[in-house]
Every structure is written in structure tokens, then in C-alpha cells.
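So you can see what is in the structure, the chains are spelled out below.
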Amino acid sequence: MTARFLPGSLRRLFCSWSSRLPPAQYGGRHTVTLIPGDGIGPELAQHVQDMFRICCVPVDFEVIDIDSTKASEVDINNAIIAIKRNRVALKGNIETNHDSPPSYKSRNCLLRTALDLYANVMHCQSLPGVRTRHENINITIIRENTEGEYSSLEHESVPGVVECLKIITRTKSLRIADYAFRTARENGRGRVTAVHKANIMKLSDGLFLECCKEVASGYPEITFDTMIVDNTAMQLVSRPQQFEVMVMPNLYGNVVSNVCAGLVGGPGLVPGANYGKEYAVFEMGTRNTGKDIAKHDTANPTAMLLASCLLLDHLRLHHYASTIRRAVLSTVTETQMLTPDLGGHSSTSEVVQCIMNAVQNPTKHLKDRCRST
Amino acid sequence: MASHSAVLSMSRLLSPFRGGLLGNPTKVFGTTLTSHRNKTLLTGDNIPPPAKYGGRHTVTLIPGDGIGPELLNHVREVFRFSCVPVDFEVVHVNSALETDSDMDNAITAIRRNGVALKGNIETKHTLPPSVKSRNNVLRTSLDLYANVMHCQSLPGVQTRHKNIDIIIIRENTEGEYSSLEHESVSGVVECLKIITRNNSLRIADYAFRLAREKGRRRVTAVHKANIMKLGDGLFLQCCREVASGYPEITFDSMIVDNTTMQLVSKPQQFDVMVMPNLYGNVVSNVCAGLVGGPGLVPGANYGQAYAVFETATRNTGKSIADKNIANPTAMLLASCMMLDHLQLYDYASLIRNAVLTTMNETRLHTADLGGQGTTSEVVQSIMRIIQSKGQLISEF
């Protein structure tokens, strides 16, 4: 069995439904770290807080603001300590300025590596009310979140020649492969595809593939196959229905998850989750800052609200999670109240108001719920 | 030495045009121009004379694996039928061997002839890591630094997106494809991605000159500089430097994940895109998928002195090899690009028009486009159209 390959401590691998360390729950109320981030993050985080208040969700938010213009890492270290204390967080994306010096590492990256959030899970599903060119997409993308090309290890050995290191380790590849297969088994998915470029990067992606094959041998009921990343990208734009669960290293995961998000309707629809052994951080799947639409009240709140539902599921507040999720999905699919990114004309506040009405009056007729107040 | 002096006089005749390759080509060829011409951007002095004797060019042909051999046979058939003055020097490369002697022969042949047409050579995963990808070895030995792929929506092919017209210029020799990896500690592999200032300036310059020559308004650099600050940061910086010398062309940059998302929702916004090696691989495959698949798009690899033409997405097509169902369009269009490079523009436009007519008007499609035609039927149709043009008929 695959567990043989993993030391004992790693067997308590993190899933939202398995046993783990006790949550920060006092008097029946959970405490969750909230990092608003930049761009559209703060307004969407505010909508999530309002939604939770309306639904009387027993969650208190500990808000940590991070100033991405400052060079010191004090803010992000505070955030990391808060997440270590509360174990769960909801975050917006923190901007990384390209013109900042290379010693300034991406804050989002620092957070992921410090908390060892090794699995990024994004579930892309076609929604009935959203018009897209492809239908019936149901892909779960599991992306290694802490190593690969995102090691931030670069140096200029000779002036004008830069070397970037991409690190692939056996331990982490086994870990992410195991996570992928267990997720597939728990959700009843029959096929796992590993995405790689082992014809060129023989050692590194070859090691990743080898680890996936080892883990696959312990899950005989699940079909395992591999596909090179360029062919994967081409297949995704022609026939995405063939994929079920995909597991891959960090950079390919970034590209593939953005392609899939584009296929199901855009960055405003898909939530993402980062799981580690002890911590979980939820955010929008494609991690956009959305600087150019910030404060215009045009951002799509769906992704952030669905991420907060994933958070509630993780805290085992399933009733609240399904209430909010049902309201969000019915608003998107049935009422035609769509934000500009989906081709509609509604503002963020209107959509959120409609969702709140749906939560408070689930039996009322759809059209009545969303009359503008 | 008559043929030698003929070559010299020919090269002297052509040299004023070579030096001004970026200038107005209508001086030489008048009304037979097409807009599909892809000339290499060579500077005046360092171009070796073409391998042309007695009016016939010699071109290296590397069949490769999978569908390569059958498609290249079709290319030869079409060339023979159209009386194209090109002789092929066929060099076989056996991908199962561990030694590099086959590859060295092929590289020597391309150095001799200057131009090649190739199928993809399979890289077997089972061979040890010291055996590098043969295609890669070819590109780096000949310093074919620019990979150019022009993705255009074809009217006869049904796709979900319309009006796509994107030129992708991908750095072809460095980046993630350096094949520099080592296992320093057991279980930990380090893979090096190299970005150099020289190569980045060179590819950016190529991109902007091509954009200017083709009258394109916008060049987009694709990168991941928020994470790989030094590497992709250097690439971006080089692109910006070059862009400052082309004020009529708009330059912008986009992160690769956002680029792929925009490509699947609104690909019409892109004009010319320039990027390092790996992003180029993914983006070019996404674009090929958007315009109809790997069987439609030809690709060209240009270096300072050599040019190699192949299908853009470099598929071996092992699963459809020898079944007569492969789409010959990409390989035939690649051979037309090669004819343009050899300045045989008439033949190039003749074959290209025949291929596009078959694709768009007769709607004879192979299985990858949802049709029922076989490769041979499509090629026969192309040859019939060439014959019906009247001028260049084979006497066989």
C-alpha cells in the first residue's frame, strides 16, 4: 500500500473530511483569519463577512491587513502566525510588483511555503446558467503548491545569464500524488491524469511521473495515465470532457488551472483551496488581484463566496455551507443576474443582495427575490 | 565550374534584395505575392549561398517517426507532380539508438544544404537521461533561435472561435529546454532554466522586426516575472529595450496564466506574441487547438544561417501512424513556407492555394477535423487542383 512510502507523521495527510488537530473553536464559534489582500480582495471579503452575518454563521474573522508596498516581511509573518493559531484562513490575492527587487519574494508564495500548503485543489465545473463554448466540464485539478518552479531560487552567475532552479523532490511528489488519488477515490472519480514534460525534463518530471506511478499501483480501481503539458493544453481547448482528475507540478498547474477556469466561464466563478497537513487557506481559484476593476463594484463575488463555502465545509458547518452555496448557484444559473465578466450588467452589490434574499427566503419565487430594492 | 559561377552570379543578382530583405519585395516578383510569405530575417554579409546547382535546390529531409514518413512522402509526391525544382536529401534518424551518430549526420547535412524539412523524432522515455531529445539537439546545434508559428482561423474549418490571427514567436534554444538537470541529493532533482540577455535581445529583436515587416501593430510578451523575477524579469527587460526602438508598435506584457485564460475566452485580442521556450510550447499548442488542431498549423525554426520547417505542434502521431488518416495540411503548408524561404514563390503559392482550396471549398477533411477523408484522398484532391491550374503539369 502507498502508506508504506510515507513516514508516520505524513499519514495524517490533510483532507477536509479526515480527522486532524482541533480547530480554533470556542463557545461554539470558530475563529478564521481573513486576509483581504489587494485589488478586489477587500470588497469581496466584506461581502463574505456580510453574508456570514446575515446567515448567522458561527464564524468570527480575525482580519489581517498586508501592505504589499512595504519591503519588510512583518505583515506577512503576522498573518502566518494568525493562521497557525486559527488553522483556517480566507484570503484575497496579495499583489507582487514586478519592479520590486528580487529579494522581495511573492507574499502569497511565502504564505504557502511557510504553512506547507502542499495541495492546491480547484474544481472546475460547467454551470448551467453560464454560457460557454464547452459544456459538461467536470475537472478537479490538483497542483503541487510548494516546490517546482516557484522555489524563487535564482541567481545571475555571469552578468547577462540567469539560472532559475526548478526543484522536484521525491517526498513532495509522492505526497501530492497520494493526495490526488485519495481525493479521486473519495469523490468516486475513475481517472487520474498526470501532466508533465518528461521528454525534455527527464530527471525532474521523470521523478514526478515515477512517484505518481508508484502511488497509482496502490489504487487499482483508478485508471492512471499521463499526458505531456502541451498536448494537455491542446486537448483542453478541443475536448475538455475527457479529463477527470489531473495532478501536476506547480507551473503546469498554474497554466492548466487558468485554462480550465477560462473554459467554464472565467476567473470570477471558480474557488480554490490550499490544503496542508494542518492548515487550510481558501481563496479564488485563479488568484487574481483584479486591480483594474477594484472599487468599481463590478467584480464577480461568486468565486469568493464559493470559497467561503469550501471553508465552511472544512469547519464541518455543512448546513451553512450548503445554504450559501445553493443560494449562490441559483442566483448565477437561474436569475440571469450576472456581473459584467459573464456578460451581464449587474453590480457586485446587486448580486450579493440577491443571494442574501435567496438565503432568507428560499421558498419565494426567484424573480421576486431579485427585484432591485 | 560553370555551375559554381552560375551560383555566384545568382547570389550577386539576389544580394541587393537580400540586404534589403525587409524592404519592398515587389521589385522582384510583382503580382505573384502572397501575404503568407515568411522570409528569414538575415543580414547581408553572413548568409551562405544556397545549395543550388543547375537551378535545383537541395533540401535535407528528415522523416522522423510516427506520421512523419508518410506525410513527407506525400510532400515529395506533390513536389514531383508540380515540378518543383527541389531535390531532397533524405537522412534517417533512428530514435531507438543511444548514440548520436544519426543526429550528427543529419546536422551535417543541414549545414551543407542550409534548409531542412523534418518530421518529429520521438524521444523515448525509457532511454537513460543522458540521451537528450534529438529535436532539441538539432535546434541548439544549428542555433535555430526563433520558432515562428502563425495561427489563423480557416473559413472551412469549424471551430468555437473565429477570426484568430496570432503570430507566436518562441525562443527556441534556451529557457527550460537546456536539459541541465542533476540529482544533487538522492530524491531531490534540480532542473535549471537559463535565460540570457543575448538570446532574449535576439528573440525580441526578431519579433519586432517580423511585426514591422508584416504590418502588425502590437507585440505581447508572455512571462511569469512575478515569481521568476530574475529570469523572466531579464526577458521582459530585454523586450522593453527592443520595443523602445519600434515606436509604431505597441508593446505590452501579460503573465502566462492570464494569457492562457484570455486565449480561451477572447483570442482575437492578440496580435504578435513573444515568449521564452516553455510558455511558447504551451501557448502555441493552445492556439493550435483553437484554430482546429495539430494537423493544420505549420511551424518554422529560423536561425541566422539555417532554417528548418516542420509541423508547428511537433507531434509524432504514433497512434495514427500508417493508418492513412493523418492530416497532411500542416506538413504541406510547412513545405510551402520552405519554398518561400528558397524564394520559389510561385510554386509556394500554387501549392498553398491548392491546399487551402481543398480545406475551405471542397471541404474534404480528415478524421481530426471531423471528416471522413483519408490522407491519400486529400493529397489527390490537392494534386487535381494543381493540375487544373494548367501551368505546371508533370509529364509522367
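Owing to the predicted nature of the structure, the values given are computational and were not obtained by experimental measurement.

Thoughts on the sheet that holds strand S7 (residues 181-185) of chain B
Strand order in the open sheet formed by four strands is S7(A)-S8(A)-S8(B)-S7(B), with antiparallel pairing between adjacent strands. At either end of the open sheet lies a strand with only one pairing partner, and these are strand S7 (154-158) of chain A together with S7 of chain B. Strand-to-strand twist of the sheet, defined as the mean angle between neighbouring strand axes without regard to direction, takes the value 35 degrees. Bridge analysis of strand S8 (residues 161-169) of chain A against strand S8 (residues 188-196) of chain B gives nine bridges, and the strand direction is antiparallel. Counterpart to A:Val162 in the pairing with S8(B) is B:Ile195. Of the strands in this sheet, S7 and S8 of chain A together with S8 of chain B are in contact with helix H7 (residues 231-243) of chain B, which crosses S8(B) at around 15 degrees.

Digging into unusual backbone geometry
Residues and elements named next belong to chain B. In this structure, Cys83 is a non-glycine residue whose phi angle is positive, near 55 degrees. Inspection of the secondary structure puts Cys83 in the loop between helix H3 (68-81) and strand S3 (86-90). A positive phi angle, close to 60 degrees, is found at Asn163, a residue other than glycine. Among the structural elements, Asn163 can be located in the loop between strand S5 (146-152) and strand S6 (165-171).

Thoughts on helix H5 (residues 170-186) of chain A
Residues and elements named next belong to chain A. Spanning 17 residues, H5 covers 24 Å between terminal C-alpha atoms, matching the ideal 24 Å at 1.5 Å per step. Restricting attention to buried positions, one finds in H5 the residues Ser173, Leu174, Arg175, Ile176, Ala177, Asp178, Tyr179, Ala180, Phe181, Arg182, Thr183 and Ala184. Backbone geometry just after H5 places Gly188 at a positive phi near 70 degrees.

Focus: the domain arrangement of chain B
All names here are of chain B. According to the domain assignment, chain B contains domain 1 (51-122 + 131-148 + 296-386) and domain 2 (160-291). Distance between the C-alpha centres of domain 1 and domain 2: 25 Å. If you look at the interface, domain 1 gives 16 residues, while domain 2 gives 17 residues. For the pair domain 1 and domain 2, the two sides together bury roughly 1,500 Å², of which 51% comes from carbon and sulfur. Contact with domain 2 buries surface across domain 1, with Tyr145, Asn147 and Val148 losing the most and accounting together for 38% of the total. In this structure, the connection of domain 1 to domain 2 is made through one salt bridge. Between Arg202 and Asp143 there is a salt bridge, with its nearest N and O atoms 2.8 Å apart. On the surface where domain 1 and domain 2 come into contact, there are seven residue pairs in polar contact (both at pLDDT 80 or more). Considered class by class, the residues forming the side of domain 1 that touches domain 2 number seven nonpolar, five polar and four charged.

Side note on the environment of A:Thr33
All names here are of chain A. Here Thr33 is to be found in strand S2 (residues 29-35). Expressed as a C-alpha distance, the spacing of Thr33 and Ala177, which sit 144 residues apart in the sequence, is 29 Å. If sequence neighbours within four positions are ignored, Thr33 has contacts with Glu62, Ile64, Ala82, Ile83, Asn86, Val88, Ala89 and Leu90. In this structure the side chain of Thr33 is engaged in a polar contact, spanning 3.3 Å, whose partner is the backbone oxygen of Ala82.

Thoughts on the UniProt feature "domain: Isopropylmalate dehydrogenase-like" (unreviewed entry) in chain B
On the UniProt side, "domain: Isopropylmalate dehydrogenase-like" (unreviewed entry) is annotated at positions that read residues 58-382 of chain B here. Annotation note: span residues 58-382 of chain B, helix share 40%, strand share 21%, distance between end C-alpha atoms 24 Å.

The rules behind the values
- Residues numbered from 1 in each chain as written.
- Chains lettered and ligands numbered in written order.
- Predicted model: local features only at pLDDT ≥ 70, side-chain atom pairs only at ≥ 80, totals over all residues.
- Heavy atoms only, no water.
- Pairing = 2+ DSSP bridges.
- Helix = DSSP H or I, 4+ residues; strand = E, 2+ residues; numbered from the N terminus.
- Axes fitted to C-alpha atoms, helices over the stretch in contact; angles between N-to-C directions.
- Contact = heavy atoms within 4.5 Å.
- Expected span 1.5 Å × (residues − 1).
- Buried < 20%, exposed > 50% of the residue type's maximum accessible area, 1.4 Å probe, protein only.
- Domains from an automatic or database assignment.
- Buried area = accessible area lost by both parts, 1.4 Å probe.
- Salt bridge = Lys/Arg side-chain N within 4 Å of Asp/Glu carboxyl O.
- Polar contact = N/O pair within 3.5 Å; in protein donor to acceptor, adjacent residues only side chain to side chain.
- Nonpolar A, V, L, I, M, F, W, Y, C, P; charged D, E, K, R; others polar.
- UniProt positions renumbered as here; feature names shortened; annotations may be inferred.

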